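Descriptive analysis of the structure
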Amino acid sequence: MPEGHVIHRLARDLNARFAGRPLSVTSPQGRFAAEASLLDGHELARAEAWGKHLFVEFDVPRPDAIVHIHLGLIGRLRFEGPDDVGGQVRLHVSNGEESANLRGPQWCRLVTDEVRAAAIGKVGEDPLRADADPGAIVGRVRRSRRPIGALLVDQKLYAGVGSIYRTETLFRLGIHPLTPGAELKPATLDAMWVDLRELMEDGVRVGRIDTVRPEHTPEAMGREPREDDHGGEVYVYRRTGQPCHVCGTPVAETQIEGRRVFYCPSCQAS
């Protein structure tokens, strides 16, 4: 499932490429055809991301003029040629020069501002939003006996944080993923928030997740670049059995609430 930086990057690009212009809006697949017809010919007013939720608002004189998109596990929103509609396109938005094509989303629906507000109210604090309040979740984390490796991907706490950012931030701060939230000090949680924000902001800029510090890049270490479907240079994510870039200890993995989490037994001993 795409992590929050992907959704924020999509919102940024939708605003830059399509906002303020009359657009062609269709549903080649047909499953969003009635809704698309209500938006066709109107301007995109604003696209905005909240965690893993994308809201695309159109300048239409009706209350339900907001497209609520959640990509889920297989959804993709890609910028393509103006007439590219292959591959079961649920939503096709074109300005005549290029198009935004949505395929395989978990959600694609028209909602009102009230429904949008309700959806936003269910998610936690988003490290990529300027209006986020990290202090609002510190107390909740410190009252929990759940492992921090689970709390970090709880979208009611850390909106937009997924498996990679969770794993890598814990490594960078030397925190074992099984550490209960209640055992973490406020200063540690503050540092975690700052690290998440910096890593995710970089993800928005470059379009992929890179978490290694300059001294641990392939060039600095004289090693081969990482080869993985997710791309990007990481410390421990999906590197089970390979040597830690910092200490050389083989990377380990464990299960937390049914999901694989990766860590270095030496660098994250406690």
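Residues numbered from 1 in each chain as written. Predicted model: local features only at pLDDT ≥ 70, side-chain atom pairs only at ≥ 80, totals over all residues. Heavy atoms only, no water.

- Per an unreviewed UniProt entry, the protein goes by the name DNA-(apurinic or apyrimidinic site) lyase and belongs to Corynebacterium hansenii.
- If you open the UniProt record of the protein and go to Cofactor (unreviewed entry), you find "Zn(2+)". (UniProt positions renumbered as here; feature names shortened; annotations may be inferred.)

**Details of the UniProt feature "domain: FPG-type" (unreviewed entry) in the protein**
- In the numbering used here, UniProt assigns the "domain: FPG-type" (unreviewed entry) feature to residues 235-269.
- Taken end to end, residues 235-269 has its terminal C-alpha atoms 15 Å apart, with 0% of it in helix and 29% in strand. (Helix = DSSP H or I, 4+ residues; strand = E, 2+ residues; numbered from the N terminus.)

**Notes on the sheet that holds strand β4 (residues 66-70)**
- Read across the open sheet, the 4 strands follow the order β2-β3-β4-β8; overall the sheet is antiparallel. Two strands lie at the open edges of the sheet, namely β2 (44-50) and β8 (107-111), each paired on one side alone. Geometrically, the sheet is characterised by an average inter-axis angle of 20 degrees between neighbouring strands, direction not taken into account.
- Where strand β3 (residues 53-58) lies against β4, 4 bridges are found, and the strand directions are antiparallel. Opposite Leu-54, over in β4, you have Ile-69 as the bridge partner.
- Sheet strands in contact with helix α3 (residues 113-121) are β2, β3, β4 and β8, and its direction is about 165 degrees off that of β3. (Pairing = 2+ DSSP bridges. Axes fitted to C-alpha atoms, helices over the stretch in contact; angles between N-to-C directions. Contact = heavy atoms within 4.5 Å.)

**Structural notes on the sheet that holds strand β1 (residues 24-26)**
- Read from one edge to the other, the open sheet built from 4 strands follows the order β1-β6-β7-β5, with strand pairing classed as antiparallel. Two strands lie at the open edges of the sheet, namely β1 and β5 (76-80), each paired on one side alone. Pairs of neighbouring strands in the sheet enclose a mean axial angle of 15 degrees, with direction left out of account.
- In the sheet, β1 pairs with strand β6 (residues 89-94) via 3 bridges, with the strands oriented antiparallel. Bridging from a neighbouring strand, Val-25 pairs with Val-93 of β6.
- Sheet contacts for helix α1 (residues 4-18): β5, β6 and β7 (99-103); angle to β5, the most-contacted strand, approximately 30 degrees.

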